[in-house]
Every structure is written in C-alpha cells, then in structure tokens.
Amino acid sequence: MAETILSICLGIGLSASVGFRVFLPLFALSLAAYCNVWELNESWQWIGSTAAVITLGIATLVEIVAYYIPLVDNALDTIAIPLATIAGTAVMVSTVADLSPVITWALAIIAGGGTAAAVKSSASATRVGSTVSTAGFGNPVVSTIETGSSVVMSIVSIFLPILAFILVLFIFYLVFKLFKKFRRN
C-alpha cells in the first residue's frame, strides 16, 4: 500500500513538472529508471533504456533552448498543452504500482493528464502576459523560472514523492489565488 501511494505521489509530482517542461521530467524519470533509483511498470521498462535516456536528453535540451527563442516560445506553448496532457498521463501510467488497469488509467488521465494540463495552461497564460506586458523581453525570465521549476519538481518527485505532492497542492493554491486576483481586475 505504501509503495502504491508513493508511486501515485511520484506520478502527480512529475505530471506537474511536465506542465512546466514536457520532456525534462520524462528525461528525469528515464534517468531514474536507468540508474535503478525508481522501478517502472513492466510495460514501461523501456523508458529506462539507454536509447530512451539519450533521446529524451536531446529532446529536453532542444525544448529548453527553444523556449529562449522569441516567437518560438509562444508557438511551443500552443502545442505544449496537449503534449503535456499526454505526457502527464504517460508519466502517471508508468509510475503507478499495484492497481488494476482501469483504476491506473483513470487516475492517469484525471490526476496525471489533468495536473499537467492545469500547470501548463497557467504557465502559458503567464507567458502570454509576459509577452503582452514586456513585448517579449520578459519571456526569457519566465522560461528560466519554468525550467527551474521543472528541474526542482522532477528531483523532488523522484527522491521525495510525498513532498512533491504537497508542492503540487501549493502550486495549485498559488494558481487559484492568482486567478482570483486577475478575475477581480
């Protein structure tokens, strides 16, 4: 039971991280599986392969660099919401242990995909606000914060999954407070 709860917390934490950067948490999970830090479901063992580590590492670097290119960053945000939803679902399915497939997939779609989509939507709104208010000059700062948040969430999720779950709740609280603030204005 404890392993199942930890695996759910890991999945939710990594799904939130996917909301900031799609490939970085997948790369972190791949490295964790490759180094035997975290064991994945049987059908997702391939994520820990050398080929997956290299491929996801390259994809991570390309994604991070692309977010520093003007106009490309906003274009990436447009396609990143559905990609984050899919990646959040995949991360959750790959990490959840000892549950029936129906519960695993329902949890993956709702908690994994939903968390990733909510975080990515908020991050995208932040980038749009930065683009409008600073003519795009503030976007590199937003990109750096997003990448840093993804790195921190990924590391915390892998090594301290329960703390990651608490951080996700805190992120949602902040998003809710900001939404209420902007809605009043």
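Keep in mind the model is a prediction, meaning the values are calculated, not measured.

Chemist: Mind laying out the overall build of the protein, listing which residues take part and the relevant values?
Modeler: The helix and strand tally for the protein stands at seven helices and zero strands. Going from the N terminus to the C terminus, the protein shows its helices and strands as α-α-α-α-α-α-α. Its C-alpha atoms give the protein a radius of gyration of 16 Å, near enough to 16 Å, the size a compact globule of 185 residues would have. In terms of its C-alpha atoms, the protein occupies a principal-axis envelope of roughly 50 × 35 × 25 Å. Counting all 185 residues of the protein, 44% fall into the buried class. Counted over contacts in the protein with a minimum sequence separation of 6, partners at least 24 positions apart contribute 71%. Of the roughly 9700 Å² of accessible surface on the protein, a fraction of 77% belongs to carbon and sulfur atoms. Across the protein, 8 positive and 8 negative side-chain charges occur, with their mean positions spaced 23 Å apart.

Chemist: Tell me about the packing of helix 1 (residues 2–20) against helix 6 (residues 139–159), and please be specific about residues and values.
Modeler: Running from N to C, helix 1 and helix 6 point in directions that differ by 170°, and their axes come no closer than 8 Å. Taken together, the axis directions place helix 1 and helix 6 in an arrangement best described as roughly antiparallel. Counting all contacts with helix 1, which are made through Leu10, Gly13, Leu14, Ala16, Ser17 and Phe20, the residues of helix 6 involved are Glu146, Ser149, Ser150, Met153, Ser154, Ser157 and Ile158. Of the residues belonging to the contact of helix 1 with helix 6, the class tally is six nonpolar, six polar and one charged.

Chemist: Summarise a negative patch on the surface; cite the residues concerned and give the values.
Modeler: Where like charges cluster on the molecular surface, the negative patch consists of Glu3, Glu39, Glu42 and Asp98. With respect to the element layout, Asp98 can be found in the loop between helix 4 (72–95) and helix 5 (101–134). Taking the relative accessible area as the measure of exposure, Asp98 reaches 64% and is therefore exposed.

Chemist: Explain the side chain of Thr60 to me, and be specific about the residues and the numbers.
Modeler: When you line up the elements, Thr60 lands in helix 3 (residues 50–66). With a relative accessible area of 5%, Thr60 lands in the buried category. Dropping the residues within four chain positions of it, Thr60 is found in contact with Phe23, Leu24 and Phe27.

Chemist: Account for helix 6, naming residues and giving values.
Modeler: Over its 21 residues, helix 6 extends 30 Å from the first C-alpha to the last, a length consistent with the 30 Å expected when each residue adds 1.5 Å. Those residues of helix 6 that fall on the buried side of the exposure criterion are Asn139, Val142, Ser143, Glu146, Thr147, Ser150, Met153, Ser154, Val156, Ser157 and Ile158.

Chemist: Could you give me a rundown of the nonpolar core, with the residues and numbers involved?
Modeler: Core analysis: the largest hydrophobic core is formed by 35 residues, its most contacted members being Val18, Leu40, Met92 and Met153. Elements with a contribution of two residues or more to this core: helix 1, helix 2 (23–34), helix 4, helix 5, helix 6 and helix 7 (161–184). Once residues within four sequence positions are removed from consideration, Met92 is found in contact with Ile8, Gly11, Ile12, Ser15, Leu107, Ala108, Ala111 and Gly112.

Chemist: Describe a positive patch on the surface, naming the residues involved and giving the relevant values.
Modeler: Among the surface-exposed residues, Lys177, Lys180, Lys181, Arg183 and Arg184 lie close enough to one another that they form a single positively charged patch. Within the fold, Lys180 resides in helix 7.

Chemist: For unusual backbone geometry, give the residues involved together with the corresponding values.
Modeler: A negative phi angle is the norm for most residues apart from glycine, just as the trans form is the norm for most peptide bonds. Located in the positive-phi region is Asp98, a residue other than glycine, with phi close to 65°. Phi at Ala135 is positive, roughly 55°, even though this residue is not glycine. By the secondary structure assignment, Ala135 is in the loop between helix 5 and helix 6. According to the relative accessible area criterion, Ala135 is exposed, its value standing at 59%.

Parameters and conventions
- Each chain has its residues counted from 1, running along the sequence as written.
- pLDDT decides what is reported in this predicted model: residues at 70 or higher carry local features, side-chain atom pairs at 80 or more are listed and counted, and totals for whole chains, interfaces and linings draw on all residues regardless.
- Hydrogen atoms and water are omitted, and side-chain values are computed over all heavy atoms in the structure.
- Elements are defined by DSSP. Helices are runs of H or I of four residues or more, strands are runs of E of two residues or more, and each kind is numbered from the N terminus.
- When we talk radius of gyration, it's over C-alpha atoms, and the globule rule is simply 2.2 Å times the number of residues to the 0.38.
- Exposed residues in this analysis have more than 50% of their type's maximum accessible area, buried residues have under 20%, and partly exposed residues fall in between, with area computed by a 1.4 Å probe over protein chains only.
- We call two residues contacting when some pair of their heavy atoms lies within 4.5 Å.
- Note on areas: Shrake-Rupley, 1.4 Å probe, and residue coverage restricted to the protein chains presented here.
- Just so you know, the count uses Lys and Arg for positive and Asp and Glu for negative, and it drops His and the chain ends.
- Where a charge sits is defined by one atom per residue type, namely NZ (Lys), CZ (Arg), CG (Asp) or CD (Glu).
- For helices, the fitted line uses only the C-alpha atoms of the stretch in contact; every axis is such a line through C-alpha atoms, and the angle between N-to-C directions lies from 0 to 180 degrees.
- Orientation is classified from the angle alone, with under 35 degrees giving roughly parallel, over 145 giving roughly antiparallel, 65 to 115 giving roughly perpendicular, and any other angle giving oblique.
- Polarity classes work like this: nonpolar for Ala, Val, Leu, Ile, Met, Phe, Trp, Tyr, Cys and Pro, charged for Asp, Glu, Lys and Arg, and polar for all others, with Gly in that last group.
- Each patch is built from residues lacking any salt bridge and having more than 30% relative accessible area; the joining distance is 9 Å for like charges and 5 Å for nonpolar side chains (Val, Leu, Ile, Met, Phe, Trp, Tyr).
- In the sections that follow, a salt bridge refers to a side-chain nitrogen of Lys or Arg positioned within 4 Å of a carboxyl oxygen of Asp or Glu.
- Each residue after the first adds 1.5 Å to the expected span of a helix.
- Buried Ala, Val, Leu, Ile, Met, Phe, Trp, Tyr and Cys residues form a nonpolar core when they are joined through side-chain atoms within 4.5 Å.

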